[in-house]
Amino acid sequence: MNVRDASPGELADWDARTVDHPGGHVYQSRAWAEHRRASGWTPRFLVDDADGRTLALTRPWPMGGGGSAYLPRGPIGSTGEGVAARQIAVAEALGRDGIDVLAADPEIPAADTAFCRAIRAAGFRPIEEIQPSRHRISLVLGGRTEDEVLAAISKSARQRIRQAEGDLQLVRHDSRSIAGVGDGFDPPSEPVEVALDRFYDLLLETGERRHFSFGPRDAYVAWWKSAFEVGHLVYLEAWGIRGARVAGLILYRHGERLSTVHSGDHAADRDENPGALHLLRWRAIQLAIREGATEMDLGGVDVSGARREPREGDPLFGLYQHKRAFGGRWLELSGAHERVFDARGYALGRVTARLASLVHR
């Protein structure tokens, strides 16, 4: 399979082929490419003989030749075998261009053993995840009505949803206006960047409770706003009975699904607004159904050192139970892999990158 750089015409419908396509991902979008360019990566928009599109992020080592590359949540394809063939072809093309090591983490189910066999035969080996989670909680929506999905939610979760419906006001920030999907939401009364900046504070508070850390505010908010503007991101916000913002939920719209990216609430408001996140998740599911999505991705609950289904006593077991209460199932994915083309160049590159980082600090 031959691989080349995309033409201007092929860039015009890039997101339709890599984000909106079944199995697509926001991190294969042009908006993500430009966001990462601002962090020092060089995007390569690649096209293969099968008319597949793959975003590769490349970066040279601080000293000497060579460099590294990453296919963020890519490549995209209809089958595991097709994705494997594309990943191998892209890797070999970048290797010929002087890349020492390439990492990729397409969201292929672990049950698709043909994918893993093919890439490992080509020299790819498993590595620790680049993104926060390897697996996810998946709620299948195809062919199901809202009533059917609601009936499958646990009784206690339904009770919290019903209670919150009478107590909370929900606002939907969404640049895509789609007929018939506005029920249950109020229009925003402020610019989206104001709401997203406020959500970052909420995210920091939630991260402290769950022992997560996040990067700089400016980078996060800038990316969220860019993704929002092109319709890849939806932000849902819950306002409490006293007019305060008590919870928020960021979603990605891609690959015929909505995906939970970040969620957070104020711990101090839980007694007064116990069902805020339950109602936000239910409204997100309703939105996905009304848009014709085939899946609601409730997000991951695994962490470094525990890439498995959480057990009682694990730090994220409570979050796991919360998401499972919506009828989602644990979906194990194949995880991140890398292929090293020049081991010596890779080792030297890592050393120079660490030295450059120390000097920068």
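Structure's up top.
Computed from a predicted structure; not experimentally measured. Along every chain, residues carry numbers that run from 1 in the direction the sequence is written. In view of the model being predicted, local features appear only for residues whose pLDDT reaches at least 70, and side-chain atom pairs are presented and counted only at 80 or more, with totals across whole chains, interfaces and linings using the full set of residues. Hydrogens are left out, water is left out, and the side-chain values use all remaining heavy atoms of the structure.

Trainee: Got a minute to help me understand the pattern of salt bridges in this structure?
Mentor: When their charged atoms lie close together, side chains carrying opposite charge are able to pair. What counts as a salt bridge is simple: a side-chain nitrogen of Lys or Arg found within 4 Å of a carboxyl oxygen of Asp or Glu. Counted according to the given criterion, the structure contains 34 salt bridges. Arg-339 is paired through a salt bridge with Glu-92; the nearest N and O atoms lie 3.7 Å apart. Residue Arg-339 is found in strand β14 (residues 337–340), and its partner Glu-92 is found in helix α4 (residues 80–96); the two are separated by 247 residues along the sequence. Burial status follows relative accessibility: with a 1.4 Å probe on protein chains alone, a residue under 20% of its type maximum counts as buried, one over 50% as exposed, and anything between as partly exposed. Taking relative accessible area as the criterion, Arg-339 reaches 15% and is therefore assigned buried. Here Glu-129 ties to Arg-134 by a salt bridge, and the two come within 2.7 Å at their closest N and O atoms. A residue is classified by how much of its surface remains accessible, and Glu-129, at 9% relative accessible area, is buried. The structure contains a network of salt bridges with shared partners spanning Arg-73, Asp-105, Glu-107, Arg-136, Arg-257 and Glu-295. Strands here are runs of E lasting at least two residues and helices are runs of H or I lasting at least four, both read from the DSSP assignment and numbered beginning at the N terminus.

Trainee: Is there a simple way to think about unusual backbone geometry in this case?
Mentor: Most peptide bonds are trans, and most residues other than glycine sit at a negative phi. At the junction of Gly-74 and Pro-75, the peptide bond is cis and its omega measures out at 5° in the coordinates. Within the fold, Pro-75 resides in the loop between β4 (67–71) and α4. In this structure, Asp-51 takes a positive phi of about 65° despite not being glycine. Along the chain, Asp-51 falls in the loop between β2 (42–48) and β3 (53–60). Phi at Arg-73 takes a positive value of approximately 50°, unusual for a residue other than glycine. Of note, Arg-73 is situated in the loop between β4 and α4.

Trainee: Before we go on, may I ask you to explain the pairing of strand β9 (residues 233–239) in this structure?
Mentor: It is a general feature of regular strands that their side chains alternate between the two faces of the sheet. The element β9 is extensively covered by neighbouring structure, given that seven of its seven residues are classed as buried. Burial of the side chains of β9 extends over both faces: Leu-233, Tyr-235, Glu-237 and Trp-239 are buried on one face and Val-234, Leu-236 and Ala-238 on the other. By this definition, two strands are paired if DSSP reports at least two bridges between them. Sheet analysis places β9 next to strand β10 (residues 245–254), joined by seven bridges and oriented antiparallel. The residue of β10 that forms the bridge with Leu-233 is Tyr-252. The antiparallel pairing of β9 with β10 creates a hairpin that spans five residues between the two strands, and Gly-243 there sits at a positive phi of about 80°.

Trainee: When you look at the packing of α4 against helix α5 (residues 113–121) in this model, what are you seeing that I'm missing?
Mentor: Between two packed helices, both the angle of their axes relative to each other and the distance between the axes serve to describe the pair. Note on method: axes are straight lines fitted to C-alpha atoms, helices fitted across the in-contact stretch only, with angles between N-to-C directions ranging 0 to 180 degrees. At a minimum axis separation of 8 Å, α4 and α5 run at an interaxial angle of 20°. Here α5 runs roughly parallel to α4, going by the angle between their axes. α5 is crossed by α4, and the crossing has right-handed handedness. Seen from α4, the contacting residues are Gly-80, Glu-81, Val-83, Ala-84, Gln-87 and Ile-88; seen from α5, they are Ala-114, Phe-115, Ala-118 and Ile-119. Think of it as three bins: nonpolar holds Ala, Val, Leu, Ile, Met, Phe, Trp, Tyr, Cys and Pro, charged holds Asp, Glu, Lys and Arg, and polar takes everything else, Gly as well. Class assignment of the residues belonging to the contact of α4 with α5 gives a composition of seven nonpolar, two polar and one charged. Angle categories are assigned with fixed cut-offs, so that under 35 degrees is roughly parallel, over 145 is roughly antiparallel, 65 to 115 is roughly perpendicular, and the rest are oblique. Each crossing is labelled by how the near helix is turned from the far one, with a counterclockwise turn of less than a right angle marking it left-handed and a clockwise turn marking it right-handed. Contacts are assigned to residue pairs that have any heavy atoms within 4.5 Å of one another.

Trainee: I'm lost on the pairing of β14 in this one. Help?
Mentor: Pairing geometry for strand β5 (residues 101–104) and β14, over four bridges, is antiparallel. For Leu-102, the partnering residue across the bridge sits in β14 and is Arg-339. Taken together, the two bridges between strand β6 (residues 125–126) and β14 define a ladder with antiparallel strand orientation. The residue of β14 that forms the bridge with Pro-126 is His-337.

Everything listed here is a matter of geometry and, on its own, says nothing about what the molecule does.
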